[in-house]
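The lines below spell out each chain.
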Amino acid sequence: MKLDTPKKLACPELLDLAGGRPALLGSRCRACGEVYFPASHGCTRCCATDMEPYRVGSEGTLWSWTIQGFQPKAPYNGGESEADFKPYGVGYVEMPSGVKVESRLSVADPALLAIGMPMILTLQAYRQVPGEEPVYTYAFAPA
Amino acid sequence: MDNEVAIIGVGLHPFGRTDALSGQQQGAYAVREALKDAGIEWKDVGVAYGGSQDGGNADALSNHLGLTGIPFVNVANGCATGGSALASVIAAIQSGVAEIGVAVGFDKHPRGAFNPRPKDWGLEDWYGETGLMLTTQFFALKTQRYMHEHGIGEDALVRIAQRAFRNGALTPHAWRRRELSYEEIAGSMAVNLPLRKFMFCNPAEGGAALVLCSAKHARKYSANPVIVKAAVMRTRHHGSFEVFNPGLAAQQSPAPTVMASRAAFELAGVGPQDIDVIQLQDTDSGSELIHIAENGFCEHGEQAHLLKNGDTDIHGRLPINTDGGCLANGEPVGASGLRQVIEICTQLRGQAGARQVPGTPRLGYTHVYGAPGVSAVTILQAG
Ligand SMILES: [Zn+2]
């Protein structure tokens, strides 16, 4: 994923794009070490509120997956017509800390997805409307 | 226990689509049916709890039923609305607030899938905008992981739906009354793999109501009261896999269902092996698959065999969702949990007709589960 051109992001605060490759940002509880994505202001594990920023990373393994087979209604704003809608993959990816990140996947073919496979973070233009700048979100691709 | 509470009347407005009636009218209809069943009038009722998700306030039912001045409390607990209303009425009767109480749930949802707003769930807009905020996706992701962990194949998902529609066809008040073949279900549209079109229930409309009183007075009103041995509601712990979560904790923890089920069995002083007829939340085939084990009716992974063997059929050892469950009745969220209780009462009274569980069932079980991680369980005994 080339990051040399600035992109419009749906969730810029979740991502660190410095260093040439996207990475997810979260938080960690200073009291018990629990990791959260997205960053949380409190720890639901130990009820503490002292949290620090935490780099969740770019690589993990596929923990579960599905294919979104129909076009979602609002609040989804992919912007395509019903005829142009293409099913997309969705999964949870287990990161090195153990936290599982819910994400769109770069592939939507069940034959290409298996629980346990290595995945790597990328950016995906989920909204592409003619005459508008595309909007990107984070996504995981088979590594 | 000498402080037990009994169900002395049940009333249902059939689930499905009733364009001519509002949700509140369907709720009021259910209350009138329940009062008739108990042989009492609305003015005899001393306390009421009720709720709906999209059908308006429950206490507005008084405008239909009569303004008698009683405490009527609105309950809003998502899928556990009915269970919470029931638990509250029981507590009110046990504490002496009233001799007779009513629990009511009703709903009328717009057609199509639920349309959540990220802000209502404490989430940012990006989560909805990028196409991650769908309940069907959540059920699929949870089912996919569960099947992987416990070595269960798609056959089990098809069989759950097949049994639901088979039982629905036997249930006069069910919404979906057409049996579906194995092939029809297995070949239906891949909505969110591994879940397909006919493995999901639809939002619907309907109303369900119960009349309750102290068990020691129950015979005054009813020849066949049903004793509530337990009515328990629980919410999630940290680490539970719940809907609308951009991130899941490193360590998984037992679901709210497990906690509610254990507490209910303990309270009732019985175990899963004692239950004769069962209602489990079947928003989709995958949810029921998971709930069979989470409620203690088998070990995780055993479901595939049970289903293939017909053990969960009406004539099996563990009859589940004898009226077709949510899959055949649809899910009016506020009413759904009380429909389950009504079906168990009907079974325990021996009034279930073509879908009657054989052998005079004595103990029944109901279970709801839903967003944002709530579960309610009841254990009911023929009086
Ligand atoms: Zn903590």
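The coordinates are above.
Bear in mind that the values here come from a model prediction, so they are computed numbers and not experimental data.

A. Structural context of the overall build of chain B. For chain B, the count of helices and strands is 13 helices and 10 strands. Relative to a compact globule of 383 residues, whose C-alpha radius of gyration would be 21 Å, chain B shows 19 Å and is just as compact. C-alpha atoms of chain B, sized along the principal axes, occupy 50 × 50 × 40 Å. For chain B, buried positions account for 62% of its 383 residues. A sequence separation of at least 24 residues applies to 75% of the contacts in chain B between residues at least 6 apart. Of the roughly 13,600 Å² of accessible surface on chain B, a fraction of 48% belongs to carbon and sulfur atoms. Across chain B, the mean location of the 31 positive side-chain charges is 3 Å away from that of the 37 negative side-chain charges.

B. Expanded view of unusual backbone geometry. Put simply, F37 of chain A and P38 of chain A share a cis peptide bond, and its omega is -10°. With respect to the helices and strands, P38 of chain A occurs in the loop between strand 4 (35-36) and strand 5 (51-57). For the bond running from A371 of chain B to P372 of chain B, omega is -5°, close enough to zero to count as cis. For F244 of chain B, which is not a glycine, the phi torsion comes out positive at approximately 55°. With respect to the helices and strands, the residue F244 of chain B is situated in the loop between strand 6 (226-235) and strand 7 (247-248). A residue is classified by how much of its surface remains accessible, and F244 of chain B, at 7% relative accessible area, is buried. Phi is positive for T360 of chain B, close to 45°, though the residue is something other than glycine. Here T360 of chain B is to be found in the loop between helix 13 (333-348) and strand 9 (363-370).

C. Region of interest: the interface of chain B and chain A. Each side of the interface is counted separately: chain B has 36 residues, and chain A has 42 residues. Buried area between chain B and chain A, summed over both chains or domains, comes out near 3,200 Å², and the portion from carbon and sulfur atoms is 59%. When the area that chain B buries against chain A is broken down by residue, the three leading residues are W126, L141 and H238 of chain B, summing to 20%. Counting across the interface, chain B meets chain A through 0 salt bridges. Only helix 4 (125-129), helix 5 (135-150) and strand 7 of chain B provide two or more residues apiece to the side of chain B that touches chain A.

D. A look at the side chain of D284 of chain B. All names here are of chain B. Within the secondary structure, D284 is located in the loop between strand 8 (277-279) and helix 10 (285-294). Lacking a salt bridge, the buried D284 has K142 as its closest oppositely charged neighbour, with an N-O distance of 9.0 Å. Those residues in contact with D284 that sit more than four places away from it in its chain are F139, T143, L195, M199, F200 and L327.

E. Highlighting the sheet that holds strand 4 (residues 100-108) of chain B. All names here are of chain B. Across the sheet, which stays open at both edges, the 9 strands sit in the order 3-2-4-5-1-6-10-9-8 with mixed pairing between neighbours. Where the open sheet ends on each side, the last strands, each with one partner, are strand 3 (72-74) and strand 8. The mean inter-strand angle of the sheet, taken between neighbouring strand axes irrespective of direction, is 20°. In this structure, strand 9 lies alongside strand 10 (residues 374-382), joined through 8 bridges in antiparallel fashion. What sits directly across from Y369, in strand 10, is S375. Against the sheet, helix 1 (residues 23-38) engages strand 1 (5-16), strand 4 and strand 5 (205-214), with an angle of about 140° to strand 1.

F. View of the coordination of the zinc ion. Residue and element names in this part refer to chain A. Protein coordination of the zinc ion is provided by C29 (SG), C32 (SG), C43 (SG) and C46 (SG), with donor distances spanning 2.3 to 2.4 Å. Here the zinc ion binds 4 donor atoms, and the angle range of 105 to 115° at the metal identifies the geometry as tetrahedral. Sequence spacing among the residues donating to the zinc ion works out to C-x2-C-x10-C-x2-C. One end of the pair, C29, is in strand 3 (residues 23-29); the other, C46, is in the loop between strand 4 and strand 5, and 17 residues separate them in sequence. Take C46: its relative accessible area is 33%, and that puts it in the partly exposed class.

G. View of the environment of A215 of chain B. Residue and element names in this part refer to chain B. Mapped onto the elements of the fold, A215 is located in the loop between strand 5 and helix 8 (218-221). For A215, a relative accessible area of 22% corresponds to the partly exposed category. Here the alpha-carbon distance between A215 and I342, two residues 127 residues apart in the chain, equals 17 Å. If sequence neighbours within four positions are ignored, A215 has contacts with E4, V5, A6 and I227.

H. Representation of the nonpolar core in the model. Counting residues in hydrophobic clusters, the biggest one holds 95 residues, and the most contacted among them are L24, Y138 and F140 of chain A together with L289, F297, Y365 and I379 of chain B. A per-element tally of this core places helix 6 (residues 154-169) of chain B first, with 7 residues. Counting 32 residues, the second largest nonpolar core, distinct from the first, contains I7, F15, V75 and V228 of chain B.

I. Expanded view of the pairing of strand 5 of chain B. Residues and elements named next belong to chain B. Among the 10 residues that make up strand 5, 10 are buried, leaving the element largely enclosed by the rest of the structure. Alignment of strand 1 against strand 5, held across 9 bridges, turns out to be antiparallel. Pairing of H13 across the sheet is with G207, part of strand 5. With 9 bridges joining them, strand 4 and strand 5 adopt antiparallel strand pairing.

Rules and cut-offs
Residues numbered from 1 in each chain as written. Chains lettered and ligands numbered in written order. Predicted model: local features only at pLDDT ≥ 70, side-chain atom pairs only at ≥ 80, totals over all residues. Heavy atoms only, no water. Helix = DSSP H or I, 4+ residues; strand = E, 2+ residues; numbered from the N terminus. Rg over C-alpha atoms; globule rule 2.2 N^0.38 Å. Buried < 20%, exposed > 50% of the residue type's maximum accessible area, 1.4 Å probe, protein only. Contact = heavy atoms within 4.5 Å. Areas by Shrake-Rupley, 256 points an atom, 1.4 Å probe, with all protein chains shown as cover. Lys, Arg positive; Asp, Glu negative; His and termini not counted. Charge placed at Lys NZ, Arg CZ, Asp CG, Glu CD. Buried area = accessible area lost by both parts, 1.4 Å probe. Salt bridge = Lys/Arg side-chain N within 4 Å of Asp/Glu carboxyl O. Pairing = 2+ DSSP bridges. Axes fitted to C-alpha atoms, helices over the stretch in contact; angles between N-to-C directions. Donors = N, O, S within 2.8 Å, 3.2 Å for Na, K, Ca; no water. Tetrahedral: all angles 85-135°; square planar, octahedral: opposite > 155°, others 65-115°. Core = buried A, V, L, I, M, F, W, Y, C linked by side-chain atoms within 4.5 Å.

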